[in-house]
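Listed below, chain by chain, are the residues.
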Amino acid sequence: MLDLPMSSFVNLLEPLAGSLSLAEANPGDDRWWRLLGRLHPMTVHFPIGLALTAAVVELINIIRRRREASPFAITATGIAAVTAIFAAFFGWLNADFEGASQDTTLFLHRWLGIIGAGGLSIVFVTGLVGRTGVRITAFNGYRWGLIICAIVVGTGAHFGGEMVYGKGYLTKVLFPVAAQTSDDEAAPEAPVGEADSETKKISFQQDVLPIFEARCAECHGADKDKADLRLDSFAGIFSGEKEWWTVLPGDPDHSLLVERIELPEGHVDQMPPEGDRLTASEIATIRAWIAEGALGAEGAEGADASEAQVQGPPVKDPTTKAANAAKVEADRVAAAIEAAVEALRGRGVLVMRIAQESKEWEINGSLVSPKFADDDLALMNGLQPALVWANFTRTELTDAGLAGLDGFDQLRSLRLAQTSIGDGGVEAILKLQKLEVLNLYASQVTDAGILRLAELPNLKRLYCADTPVTPEGVAAASAVREGLEIIGSAASPAPTEPAESPSEEKK
Ligand code: HEC
């Protein structure tokens, strides 16, 4: 609403506000500060009431053409000024300690309050000087200053109300439809994602964007882009790398944006973080839009449109076919990975990047029920170039089934502990030339098997406790290559692998 000019002003003053932060100044015992802060809601109503009353008294005097100040109004103004200063101070503490969100509403509330408090002090002094009406400038300054201050304080208080009760809690009563932001006549009769191709298509511009603008853009817009996410334009939604899109065209169920707006009231990750939740019909509209392919203004699908609109000038030199081919190939690989991740997740397998933003993935099939078995390896198809850690502990993989790992030659960590894998699976494992960690704890592998496995050129650690492997077998295999650590049963009871995650490989 009254955003644009104001919020650039906000940015100007933010450093100032930051340097005055009392919470930071007193990191230790802040109980008393907090208590004072919490007096804000109580104290703040005195100056508001007093200033408004004084202003009304003087307004009546103006109408009645009185040429001197009301002693009552001056006294009220004085008390209002003092209490306003306290209230402003407490308010500052309160916002600091209670972690109020640093948005435009707080900004307006805070600064209108402070301006009001300062203004009332000046008005009070002016009133003392000009009360008799002889010093006409002071007298007029007092009267009109008082009225202006009352308006400022009242407006500041209104924003305080919005902070507590949510944006637009006043206007919503009067204009409920406008507040729901569907500026179409009838709110789109939620076609709730029923893939009924005959229902009216959701229009991004008319149906979806207004919701984002009303409820999200204050934080995900041009002025602030929380989480680097912009929801104030079609291009903004699909900017950045596809993997990070919060809207997945055609797939509302897996769109982060939908997840966040559907979280129950009070959940830490709910969006918007405060104020009313989106209405059911707003959520249905957004879902339906995504289900229909998240089409943009010109009916372009999210994916295509974003490339056209966001990625700016077409990649480098269009004449270099090689570059284009590489891009196509990269897209194909990414799509294949995406498909595999989807398929595996559908089976309940844990699939994730090994670190945020990493291009390398790990999977964990050890927790799936019914147990992960040979056939399930087919679900991994597509992950070949990206899969680096795989955990198949306690799965039903068999020696023969390991042939399904053919091609996963980026694997660095493979866990087959507590499986029926034996020497028959060794041949398949030997193809994984980058393997650094291999866990065969409590499997069926024997001395002969580990002797072969010791040939893996990059293998650093091999776990084979609780197997038929003998201490002599361990010694023999260890002798094959320097730097290979084989952890077998030896004489001592099974030393199991230290960490559950292969993070020890991260060096
Ligand atoms: C008061 C500010 C505010 C409003 C309003 C707001 N958000 Fe957010 N949003 C945030 C902040 C801060 C984050 C980053 C922290 C987090 O993920 O919780 C965020 C994160 C998100 C994320 C995660 C982005 C990512 O890549 O991790 C999504 C999706 C999101 N918001 C959607 C919305 C939607 C949809 C709306 C409107 C219905 C909305 N937000 C309204 C402040 C806001």
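As the structure is a prediction and not an experimental result, all values here were calculated from the model.

> How would you sum up the overall build of the protein chain? Please name residues and give values.
Each helix and strand counted, the protein chain has 19 helices and 7 strands in total. Intrachain contacts of the protein chain at a sequence separation of at least 6 include 63% that bridge at least 24 residues.

> How would you explain unusual backbone geometry if you had to name every residue and give the values?
Residue Pro-272 follows Met-271 across a cis peptide bond; omega there is -10 degrees. One can find Pro-272 in the loop between helix 13 (256-262) and helix 14 (280-291). The residue after Ser-369, namely Pro-370, is reached through a cis peptide bond having omega -5 degrees. Structurally, Pro-370 is set in the loop between strand 2 (361-364) and strand 3 (387-391). Phi at Arg-65 takes a positive value of approximately 55 degrees, unusual for a residue other than glycine.

> Tell me what's going on with the environment of Ser-70, and back it up with residues and numbers.
Mapping Ser-70 onto the fold places it in the loop between helix 5 (45-63) and helix 6 (71-97). Note on Ser-70: 18 C-beta atoms within 10 Å, which makes it partly exposed. Placed 13 residues apart in sequence, Ser-70 and Val-57 show a C-alpha to C-alpha distance of 7.5 Å. Those residues in contact with Ser-70, other than ones at most four positions away along the chain, are Val-57, Glu-58 and Asn-61.

> With reference to specific residues and values, describe the environment of Gly-236.
Turning to its location among the elements, Gly-236 is positioned in helix 12 (residues 234-237). Residue Gly-236 is classed as buried on the basis of its C-beta count, with 20 C-beta atoms lying within 10 Å. The sequence separation of Gly-236 and His-220 amounts to 16 residues, and the corresponding C-alpha distance is 9.4 Å. Residue contacts for Gly-236: discarding those within four places in its chain leaves Arg-230 and Leu-231.

> So what's going on with the site of the ligand? Residues and values would help.
Taken together, 21 residues are adjacent to the ligand, and Cys-216, Cys-219, Lys-226, Ala-227 and Met-271 come closest. The greatest single-element share of the shell around the ligand, amounting to 4 residues, is contributed by helix 13. Residues of the shell around the ligand, tallied by class, amount to 12 nonpolar, 3 polar and 6 charged.

> Give me the pairing of strand 2: which residues, what numbers.
Going residue by residue along strand 2, you find Trp-361 and Ile-363 tucked away on one face and Glu-362 and Asn-364 tucked away on the opposite face as well. Bridge count for strand 1 (residues 350-353) against strand 2 is 4 bridges, and the pairing is antiparallel. For Arg-353, the partnering residue across the bridge sits in strand 2 and is Trp-361. Pairing between strand 2 and strand 3: 4 bridges, direction parallel.

> Explain the packing of helix 7 (residues 104-130) against helix 8 (residues 136-165) to me, and be specific about the residues and the numbers.
Closest axis-to-axis distance for the helix 7/helix 8 pair is 8 Å, and the angle between their directions is 160 degrees. Accordingly, the angle class assigned to the pair helix 7 and helix 8 is roughly antiparallel. The interaxial crossing formed by helix 7 with helix 8 has left-handed handedness. Considering only residue class, the contact of helix 7 with helix 8 consists of 17 nonpolar, 13 polar and 1 charged.

> Mind laying out the nonpolar core, listing which residues take part and the relevant values?
Of all hydrophobic cores here, the largest spans 50 residues; its most connected members are Leu-387, Leu-438, Leu-440 and Cys-464. Those elements that place two or more of their residues in this core are helix 16 (321-346), strand 2, strand 3, helix 17 (426-430), strand 5 (437-439), helix 18 (447-453), strand 6 (461-463) and helix 19 (471-480). Each residue touching Leu-387, except ones within four places of it in the same chain, is listed here: Trp-361, Ile-363, Met-380, Phe-408, Gln-410 and Leu-411. One finds Ala-80, Phe-90, Leu-93 and Val-123 within the second-largest nonpolar core, a separate group that totals 35 residues.

> Which residues make up the environment of Gly-424, and what values do they have?
Within the secondary structure, Gly-424 is located in the loop between strand 4 (413-415) and helix 17. Overall, the presence of 15 C-beta atoms within 10 Å leaves Gly-424 in the partly exposed class. The sequence separation of Gly-424 and Gln-444 amounts to 20 residues, and the corresponding C-alpha distance is 9.5 Å.

> Break down the packing of helix 5 against helix 8 for me, citing the residues and quoting the values.
The angle between the axes and the distance between the axes are what describe a pair of packed helices. Put simply, helix 5 and helix 8 touch, their axes get as near as 9 Å, and they point 145 degrees apart. In the packing of helix 5 onto helix 8, the handedness of the crossing is left-handed. Taking contact as the criterion, the partners of Pro-47, Ile-48, Ala-51, Leu-52, Ala-54, Ala-55, Glu-58, Leu-59 and Ile-62 in helix 5 are, on helix 8, Arg-143, Leu-146, Ile-147, Cys-149, Ala-150, Val-153, Gly-154 and Ala-157. Of the residues assigned to the contact of helix 5 with helix 8, the class counts are 14 nonpolar, 1 polar and 2 charged.

> Please provide a residue-by-residue account of the sheet that holds strand 6, values included.
As a general point, the strands of a sheet are linked pairwise by backbone hydrogen bonds and lie either parallel or antiparallel. The mixed open sheet is built from 7 strands, whose spatial order is 1-2-3-4-5-6-7. Among the strands making up the open sheet, the edge pair consists of strand 1 and strand 7 (485-487). The mean inter-strand angle of the sheet, taken between neighbouring strand axes irrespective of direction, is 10 degrees. Of the pairings in the sheet, the one linking strand 6 to strand 7 comprises 3 bridges and is parallel in character. If you follow Arg-461 over to strand 7, its bridge partner there is Glu-485.

> Can you tell me about the confidence of the model for the protein chain, naming the residues and giving the values?
For the protein chain, the average pLDDT comes to 80, and 78% of its residues sit at 70 or higher. Across the protein chain, strand 4 holds the top mean pLDDT of 95, while helix 1 (residues 4-19) sits lowest at 42.

How each quantity is defined
- Residues numbered from 1 in each chain as written.
- Predicted model: local features only at pLDDT ≥ 70, side-chain atom pairs only at ≥ 80, totals over all residues.
- Helix = DSSP H or I, 4+ residues; strand = E, 2+ residues; numbered from the N terminus.
- Contact = placed C-beta atoms within 7 Å.
- Buried ≥ 20, exposed ≤ 12 C-beta atoms within 10 Å, placed from the backbone.
- Near = placed C-beta within 6 Å.
- Nonpolar A, V, L, I, M, F, W, Y, C, P; charged D, E, K, R; others polar.
- Pairing = 2+ DSSP bridges.
- Axes fitted to C-alpha atoms, helices over the stretch in contact; angles between N-to-C directions.
- Parallel < 35°, antiparallel > 145°, perpendicular 65-115°, else oblique.
- Left-handed = near helix turned anticlockwise from the far one by under 90°.
- Core = buried A, V, L, I, M, F, W, Y, C linked by C-beta atoms within 7 Å.
- pLDDT = per-residue confidence, 0-100.

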